[in-house]
Amino acid sequence: MIRFLLNRFGQSIILLFIVTVITFFLINLAPGGPTGVMRMDASPDERQAVIERLGLDQPVIVRYFEWVGNAVTGDLGTSFNSSEAVVERIAERLPYTMELTVFTIIFSVIAGIILGVISALKRGKAADHVINFSSVIGLSVPSFWLGLMLILLFSVELGWLPSSGVGPRGADFDFGGWMAHLAMPVLILSTTVLPNIVRFTRSSMLEVISQNYIRTARSKGAKEFVVLYVHALRNAMIPIISIIGVLIPRLLSGAVITEAIFGWTGIGTLIIEAANGRDYPLIMGITVVITLVVIISNLLVDIIYSQVDPRVKNMA
Amino acid sequence: MLKVEGLVTGYQGKDGFVRAVDGVSFDIEKGETVCIVGESGSGKSVTSMSVMRLVEFENGEIISGSIEYMGEELTTKTNEEMRKIRGAEISMIFQEPLTALNPVFTIGQQIVEAIRYHEPLKKKEAMDKAEDLLTLVGLSEPKTRLKQYPHELSGGMRQRVMIAIALASKPKLLIADEPTTALDVTIEAQILELLRKLRNEEDMSIMLITHDIGVAAELSHRIIIMYAGKVMEIAETSDLFELPHHPYTKGLLESIPKMSGARGELLPTIEGTIPGVNQMPEGCRFAPRCSFATEKCHQEEPPLQKVGRRDVACWHVEEFTASQVDPFHRKEDPVESNS
């Protein structure tokens, strides 16, 4: 296990390096830097002053290594636009995104497995068709449109749910309000992963219930409930766990759109601000953090995987 | 103890309903070992799955006939009622030991599960019993094995575990569906030896399904020869080997390799292949491959009839047996050139 973790740690360092190189060079070489978003009436001298103040007159390579040098000490620089430390700005927003994505994963996994199992066991029947059809709809309808329609229905017409914001926090926090604010964003964000989990569960379950050990379980005198939900589901879960690891990056990019629709002040809205303001340090900081989140969540998925499937336990 | 009569089991296939087992009758006495022998596709596995009422879970259906176990009719039982019989009264071991065990549970968990479905034991007691069962089936280091997963064991060991699971509740009838087919020859011999030992010590009936008549010869009291979903011959093992009453049985016996054969001599085989389920010939199903077949064989299906101590389904039993006793008879028989 320790060897496995060390191995993964090494891989993660390399991955982080590659991701930061690509991002850093891409944003710095793209036309229009921070000066491009200055007021129209700023003079060339003023623009030059800004470039020098921000150190953008240095070659990109020099700047990259300077950035890496600071980053390894935990200093991700200062935001160009707000003069606050990047780390602080991210730390302020990250919890909201984690909230959103964690709830979405929990909801999608539970709902996805239930719907997938129903779909598999009722193969070819009405329930299966309804679930399949809804999955296709969920996958193909753009989430920004669906989000607006939900707002129209639940906030404007029915007035049941708040249309935007993260709800009262701190001293005014109340659980009901929190859930009400989370409901629509979670639902919309889950359309990016839920259909995949449903379809994966369905095919995985169908494959497993025709296995020989299912027949063995029945021949022992197991109740049909035990056959399906202990013997079959436990095996069907294995590939589902690995697909969750694959879906996490998609979830994070989906969060950008979802947060924008619902005014959810997480890292998704922050990255839009950063990109619009050509805020290089902030963009880099968010990239690093998101990459870390993906790496860590995939590591967690692999550890869970090895717990569920005894055949991979001695993988290290 | 087990009495199967006129069993018809079929599957809903792409081109309509197919009858994999078509009117099979036989019985098994207490303490008796009966082998069902036949080629692949003869319906022998479906017969065993019908007795366990497991065919329903695999798109199959028992159409008609009766399966009587200890005087109780099994075909009309609900799944819940069958559940109490499966594993407790009738147990089954399967052909594929490599895939028959659930990969995510330990050997111990899987044996304990089988024990506790039919016996209200505590986990700890059941574990001790599982250890005894593993010792009974001849696995070394049973304590370690209990904590291992199926992938850590070899095929032969897994089949022993399957047997331990099957024996968990002291069944009165053990159905072994090609238990050694997937194993290599030395392991096959060990498993057969184990079955023989269990048969003698545990006082249970065994229904052994095999395509290998040699395996049947070693273990069984009686042999049922099946072909294309029908019973061809049922006879005491010694009788059957002494004088087969059905041309198909003879073909099977002749295709056993002999130590006395000359080098380079070809092993006799039965010409042709078993008919597919949707293209059953009219009349006797073996007729197209039978060198004794006459017009009648191609038109009318022979019923399973008592001939002395055995049952045979052949229109020409007398001529056929006579031809074997008196070799000259066969040479002069004009019937032979018909095919």
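Everything numeric here is computed off the predicted structure, so don't read it as measured data. By convention here, each chain's residues receive numbers from 1 onward along its written sequence. In the order they appear in the text, chains get letters beginning with A and ligands get numbers beginning with 1. Local features in this predicted model are restricted to residues of pLDDT 70 or higher, and side-chain atom pairs are both shown and tallied only at a pLDDT of 80 or more, whereas totals for entire chains, interfaces and linings draw on every residue.

Caption draft 1: Structural view of helix α8 (residues 194-208) of chain A. All names here are of chain A. Each helix corresponds to a stretch of at least 4 residues labelled H or I by DSSP, and each strand to a stretch of at least 2 residues labelled E; elements are numbered beginning at the N terminus. Multiplying 1.5 Å by the residue count of a helix minus one yields the expected span of that helix. A rise of 1.5 Å per residue sets the reference length of α8, with its 15 residues, at 21 Å; its end C-alpha atoms lie 21 Å apart and thus fit the reference within 8%. Three exposure classes are used. Buried residues have 20 or more other C-beta atoms within 10 Å of their own C-beta, exposed residues have 12 or fewer, and partly exposed residues fall in between, all C-beta atoms being placed from the backbone. In terms of burial, α8 is largely enclosed, as twelve of its 15 residues are buried. Contact between two residues is assigned when their C-beta atoms, built from the backbone, lie within 7 Å. Along its buried surface, α8 packs onto α4 (86-121), α5 (126-140), α7 (175-190), α9 (212-220) and α10 (224-262).

Caption draft 2: Quick look at the packing of α9(A) against α10(A). Residues and elements named next belong to chain A. To obtain each axis, a line is fitted to C-alpha atoms, and for helices this fit is confined to the stretch in contact; angles are then taken between N-to-C directions over 0 to 180 degrees. Their axes nearest at 10 Å, the elements α9 and α10 cross at an angle of 140 degrees. Accordingly, the angle class assigned to the pair α9 and α10 is oblique. Once α9 is placed against α10, the crossing between them reads as right-handed. Residue-level contacts link Y213, I214, A217 and R218 of α9 to V227, H231 and A232 of α10. Just so you know how the angles are binned, under 35 degrees is roughly parallel, over 145 roughly antiparallel, 65 to 115 roughly perpendicular, and the rest oblique. Crossing handedness: left-handed means the near helix sits turned counterclockwise from the far one by under a right angle, and right-handed means the same turn made clockwise.

Caption draft 3: View of the interface of chain B and chain A. Residue-level contacts link 26 residues of chain B with 20 residues of chain A. Per-element tally for the side of chain B that touches chain A: the top contributor is helix α3 (residues 107-118) of chain B, with four residues. In the side of chain B that touches chain A, the residues fall into 14 nonpolar, seven polar and five charged. Note on residue categories: nonpolar means Ala, Val, Leu, Ile, Met, Phe, Trp, Tyr, Cys or Pro, charged means Asp, Glu, Lys or Arg, and polar means any other residue, Gly included.

Caption draft 4: Just the domain arrangement of chain B, in detail. All names here are of chain B. Domains are outlined according to an automatic or database domain assignment. Once the domains are mapped, chain B shows domain 1 (1-76 + 177-187 + 197-242) and domain 2 (281-339). Here the C-alpha centre of domain 2 lies 24 Å away from the C-alpha centre of domain 1. The interface of domain 1 with domain 2 comprises eleven residues on the first partner and eight residues on the second. Ranked by residues supplied to the side of domain 1 that touches domain 2, first place goes to strand β10 (residues 230-236) with seven residues. Across the side of domain 1 that touches domain 2, the residue classes tally to six nonpolar, one polar and four charged.

Caption draft 5: Focus on the sheet that holds strand β1 (residues 2-13) of chain B. Residue and element names in this part refer to chain B. Any two strands with at least two DSSP-identified bridges between them are counted as paired. Across the sheet, which stays open at both edges, the four strands sit in the order β2-β1-β4-β5 with antiparallel pairing between neighbours. In the strand order of this sheet, the two ends are held by β2 (16-28) and β5 (72-73), each with one partner. Of the strand pairs in this sheet, strand β4 (residues 60-69) and β5 are connected by two bridges, and their pairing is antiparallel. For Y69, the partnering residue across the bridge sits in β5 and is E72. Against the sheet, helix α1 (residues 44-51) contacts β1, β2 and β4, and its axis sits at roughly 110 degrees relative to β1.

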